[in-house]
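# Commentary on secondary and tertiary structure
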Amino acid sequence: MPVTATDVTRWVNALSMLVSLGVPIVNVVMMVRRELSGPDADAVLRSLLSGWAAAKTENDARISELQATVKT
Amino acid sequence: MLRPRPSLVPVAALVVALALLSISCAGHAKPVLVKFDASVLTAVQTIASVERELSSVGVLTPAQSLGIRLKLRPVITLGEQATTALLAWQPGQQTPASLLHLSTSIGDLLTTVIGMLPDGTAKARILTAIAAAQQAWSAVIVLMGDV
């Protein structure tokens, strides 16, 4: 979704409030980045992590099964 | 409604500008790395699936199947490590080392697995999946050149 001039004005006003309340600039920048970048990439990564864990479980089970077959 | 102090407005505007600038980089970099990670997982899943299929019809012996599965193990471990590293990764940081190792290991896996499989549809499926991973890796290399 494109960021409009109105959005930026609202952000500037909100951030001015935060800075005037004594919130460190670094924390404010991090908060804005977190809010604007969205969770998409990290949500996909969490899904991938589950996929890798499932692949590991399946592969380990298959290795055990094949090792038992090869031994007999 | 509370109105901000005028002297703080330029500071806040600068914060917004810096955040937007960094977001434009973040919006480009992370999805490229994530796409590579996803393509390697797909390749691993394809190899696992093909191994089961060929084993069930007797094209692969249990020893050959075991050989393929043992080769998959370090790639899966690296895939988990790379994904965990990517979750913590921020634009501007170096590409996680585990992601670089994952690229090398998928190349090694290709050489090993392809050498063990007979020509046919199953082999073509694996080649297609690994080609997609290599294509995604090319995008990562371009990205690393930009960073």
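Residues numbered from 1 in each chain as written. Chains lettered and ligands numbered in written order. Predicted model: local features only at pLDDT ≥ 70, side-chain atom pairs only at ≥ 80, totals over all residues.

Formed by 39 residues in total, the largest nonpolar core has its most connected members in V40, A43, V44, I47, I106 and A133 of chain B. At the level of secondary structure, the elements contributing two or more residues to this core comprise α3 (40–71) of chain A together with α1 (9–56), α2 (62–88), α3 (97–116) and α4 (121–146) of chain B. Tallying contributions element by element places α1 of chain B first for this core, with 12 residues. (Core = buried A, V, L, I, M, F, W, Y, C linked by C-beta atoms within 7 Å. Buried ≥ 20, exposed ≤ 12 C-beta atoms within 10 Å, placed from the backbone. Helix = DSSP H or I, 4+ residues; strand = E, 2+ residues; numbered from the N terminus.)

The next subject is the confidence of the model for chain A. The share of residues in chain A with pLDDT of 70 or more is 67%, and the mean pLDDT across the chain is 79. Confidence scores differ between elements of chain A, with helix α2 (residues 25–37) of chain A showing the lowest mean pLDDT of 65 and α3 of chain A the highest of 94. (pLDDT = per-residue confidence, 0-100.)

This part takes up the environment of T104 of chain B. Relative to the helices and strands, T104 of chain B is located in helix α3. With 29 residues separating them in the primary sequence, T104 of chain B and V75 of chain B have C-alpha atoms 9.4 Å apart.

With that out of the way, let us pick up the packing of α3 of chain A against α2 of chain B. Running from N to C, α3 of chain A and α2 of chain B cross one another at 155°; their axes reach a closest spacing of 9 Å. The orientation of α3 of chain A relative to α2 of chain B falls into the category roughly antiparallel. As for how α3 of chain A packs across α2 of chain B, the hand of that crossing is left-handed. Here the residues of the contact of α3 of chain A with α2 of chain B sort into 17 nonpolar, 7 polar and 6 charged. (Axes fitted to C-alpha atoms, helices over the stretch in contact; angles between N-to-C directions. Parallel < 35°, antiparallel > 145°, perpendicular 65-115°, else oblique. Left-handed = near helix turned anticlockwise from the far one by under 90°. Nonpolar A, V, L, I, M, F, W, Y, C, P; charged D, E, K, R; others polar.)

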